[in-house]
Amino acid sequence: MFFVDTIELEGLGNRSYLAGGERTAVAVDPPRDIDTVLAAAARRGVRISTVVETHVHNDYVTGGLELARITGAAYLVPAGARVSFARTPVADGDTARVDTDLTLTAVATPGHTPHHTAYVLNEDGRPVAAFTGGSLLIGTVGRPDLVEPRLTEELARAQHASARRLAEGLPDETAVLPTHGFGSFCSSAQADGDSTTIGKEKASNAALSVDVDTFVADLLAGLEDVPAYYTHMGPANAAGGAPVDLTPPAVAAPDEIAARLAAGEWVVDLRNRIAFAEGHVAGSFNFEVDGKLATYLAWMIPWGKPVTLLAESPEQIAGAQRELVRVGIDRPAAAATGGPDRWLREGERPVSFPRSTFAGLAGQDADRIVVLDVRRDSERAAGWIEGSVHIPIHQLHQRLGEVPDGTVWVHCAGGMRAGIAASLLDAAGRDVVAVDDGFDAAADAGLPVATS
């Protein structure tokens, strides 16, 4: 019997996999913090004999090279990928043994990248699962615009062909196990559901149900901004991800926190947005450790700028470190735990700002406030508050000067991004109210919501 264990990378919206038999296993698209994969293998009592990459990743730093080095596993990377380290190049049709009666077959599936390769897990020669990386996802496909703008349409057409090749070549009951699609911006849309098969995708995936011209037009029309940090992920992976250091950072005393803020460095408060709004160090930014910390912090922070982490506990700091190394933010400059009373110098007091709801917003005089919408373009296109200003959250830190004068009531779709935005505005000296509410409540509160 074979097994497939899923390693969830919720902060990035990705999945990695460990699959094998009684003695040995393969790791697919492993995260940079390889201890998570080693622990999964230890629980199964298996040795990792093979590590595979479906492609050179654009949204996180892989741990594949280090995992292969630590375990002595063969490291399989698509032959067309330009990398600067020793690996076993894989071409279409190549096979690799995983365990007794378990093999992998490489299937060229260009589209997400030109060299993208899926791997079909076979038991006794029968396909049982397909590790599809960024090709065929749950209800969608990986986006084709992350490599080179001139290749985008060509890769979109390749995605259509690759998805169909998988669907036509595999039994309907074959499990489809993608890397992307669970919140990652590498996906052209987000997964509708938690699991799927080839048969289910035939019934629901546009790549398998519409002609190529329609598919490409719709796919390209739906593409949104690419996270800024993606620029750094491909080169890091082509060079080979370095080992990580997850030991605790140096402890920052109040004087050091103040000095780092004065120097223009980022001091990031990892507490939940309610606690942050109630009291925080002036000038600090709020990125909740339980939110999409890695995605939004890496997207917004100037690359390479030192970051100091503030949190309630050492466990929160450790969790943040793990999230951040996955996107190439290797070491915090410093960290401190506790609360504002331990982070402020003697005589200083925490600052705060109010939180409210859409019902609270509806009770305001629209002529005396600014309503700021920080959702993505696609979210706003489905409906927005009339008269609101729109600046997507990932652009706000560079466009603060465009926010009109007045008290800013900032909202997103659910509250997390509004909390980030409120912290940026507060640090810039603006009067701000964070709307911590679901956008569906806007119309219910009587606010004028436009839809076209």
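In short, a report on the structure. (Residues numbered from 1 in each chain as written. Predicted model: local features only at pLDDT ≥ 70, side-chain atom pairs only at ≥ 80, totals over all residues. Heavy atoms only, no water.)

1. Comments concerning the side chain of His57
Alright, step 1. Residue position: His57 is located in the loop between β4 (47-52) and α2 (64-71).
Alright, step 2. Within the structure, the side chain of His57 is placed 2.9 Å from the side chain of Glu53, a separation counted as a polar contact.
Alright, step 3. Within the structure, the side chain of His57 is placed 3.3 Å from the side chain of Tyr60, a separation counted as a polar contact.
Alright, step 4. Those residues in contact with His57, other than ones at most four positions away along the chain, are Asp29, Thr62, Met233, Gly234 and Asn237. (Helix = DSSP H or I, 4+ residues; strand = E, 2+ residues; numbered from the N terminus. Polar contact = N/O pair within 3.5 Å; in protein donor to acceptor, adjacent residues only side chain to side chain. Contact = heavy atoms within 4.5 Å.)

2. Quick word on the sheet that holds strand β8 (residues 102-108)
What holds strands together in a sheet is hydrogen bonding between their backbones, with the strands either parallel or antiparallel.
Alright, step 1. As summarised here, the arrangement of the five strands in space is β7-β8-β9-β10-β11, forming an open sheet in which the pairing is mixed. The open sheet has two edge strands, β7 (95-99) and β11 (175-178), and neither has a second partner. Looking at each pair of strands side by side, their axes are set apart by 25° on average, direction ignored.
Alright, step 2. Where β7 and β8 come together, four bridges link them in antiparallel fashion. (Pairing = 2+ DSSP bridges. Axes fitted to C-alpha atoms, helices over the stretch in contact; angles between N-to-C directions.)

3. Topic: the sheet that holds strand β12 (residues 266-269)
Alright, step 1. Here we have four strands laid out as an open sheet, ordered β13-β12-β14-β15, and parallel in their pairing. Both edges of this open sheet fall to β13 (285-286) and β15 (334-337), since each of them pairs with a single strand only.
Alright, step 2. Pairing geometry for strand β14 (residues 307-311) and β15, over four bridges, is parallel. For Ala311, the partnering residue across the bridge sits in β15 and is Thr337.
Alright, step 3. Contacts from helix α10 (residues 314-325) reach β14 and β15, with the element oriented near 140° to β14.

4. Section: the packing of helix α9 (residues 293-300) against α10
Alright, step 1. Direction vectors running N to C along α9 and α10 enclose 65°, while the axes themselves pass 9 Å from each other. Read as a crossing pair, α9 and α10 show a hand that is right-handed. Residue-level inspection shows Leu293, Ala294 and Leu297 of α9 in contact with α10, the latter providing Ala320, Glu323 and Leu324.
Alright, step 2. The residue makeup of the contact of α9 with α10, split by class, is five nonpolar, no polar and one charged. (Left-handed = near helix turned anticlockwise from the far one by under 90°. Nonpolar A, V, L, I, M, F, W, Y, C, P; charged D, E, K, R; others polar.)

5. Topic: the pairing of strand β9 (residues 117-123)
Alright, step 1. The buried count for β9 comes to seven of seven residues, which makes it a mostly enclosed element.
Alright, step 2. Alternating positions in β9 separate into two faces, Thr117, Tyr119, Leu121 and Glu123 on one and Ala118, Val120 and Asn122 on the other, with burial throughout.
Alright, step 3. Pairing of β8 with β9 involves seven bridges; the strand directions are antiparallel. Counterpart to Thr103 in the pairing with β9 is Asn122. (Buried < 20%, exposed > 50% of the residue type's maximum accessible area, 1.4 Å probe, protein only.)

6. What about the packing of aromatic side chains?
Alright, step 1. Considering all chains together, one arrives at nine aromatic pairs under this definition.
Alright, step 2. Each ring, one from Trp266 and one from Phe285, has its centre 4.7 Å from the other, and the planes form 75°; the classification is edge-to-face. Residue Trp266 is located in strand β12, and its partner Phe285 is located in strand β13; the two are separated by 19 residues in the primary sequence.
Alright, step 3. A ring pair is formed by Tyr296 and Trp299, whose centres lie 6.1 Å apart and whose planes are at 10°; its orientation type is stacked. On the criterion of helical spacing, the pair formed by Tyr296 and Trp299 is a turn pair, its members being three residues apart in helix α9.
Alright, step 4. Accessibility expressed as a relative area gives 5% for Trp299, which makes it buried.
Alright, step 5. The rings of Phe185, Tyr296 and Trp299 are connected pair by pair, giving a single aromatic cluster.
Alright, step 6. If you follow Arg15 out to its NZ or CZ, it ends over the ring of Phe182, 3.9 Å from the centre.
Alright, step 7. Lying over the aromatic face of Phe439, Arg375 brings its terminal NZ or CZ to 4.0 Å of the ring centre. (Phe/Tyr/Trp six-rings, centres within 6.5 Å; stacked < 30°, edge-to-face > 60°. Lys NZ or Arg CZ within 6 Å of the ring centre and 35° of its normal.)

7. Quick look at unusual backbone geometry
Alright, step 1. For Asp29, which is not a glycine, the phi torsion comes out positive at approximately 50°.
Alright, step 2. You can see Asp29 is positioned in the loop between β3 (24-28) and α1 (35-44).
Alright, step 3. According to the relative accessible area criterion, Asp29 is buried, its value standing at 0%.
Alright, step 4. In the Ramachandran plot, Asp124 falls in the positive-phi region, its phi being about 55° despite a non-glycine side chain.
Alright, step 5. As for its position among the elements, Asp124 is in the loop between β9 and β10 (126-133).

8. A look at the pattern of salt bridges
Alright, step 1. Applying the stated rule across the entire model yields 31 salt bridges.
Alright, step 2. Here Asp145 makes a salt bridge to Arg143, at a shortest N to O gap of 2.8 Å.
Alright, step 3. You can call Asp145 buried: its relative accessible area is 19%.
Alright, step 4. With a relative accessible area of 3%, Arg143 lands in the buried category.
Alright, step 5. In this structure, Arg157 and Glu153 form a salt bridge, with 3.5 Å as the shortest nitrogen-oxygen distance. Of this pair, Arg157 and Glu153 both sit in helix α3 (residues 152-169), separated by four residues, roughly a single helical turn.
Alright, step 6. Judged by relative accessible area, Arg157 falls into the partly exposed class, the value being 33%. (Salt bridge = Lys/Arg side-chain N within 4 Å of Asp/Glu carboxyl O.)

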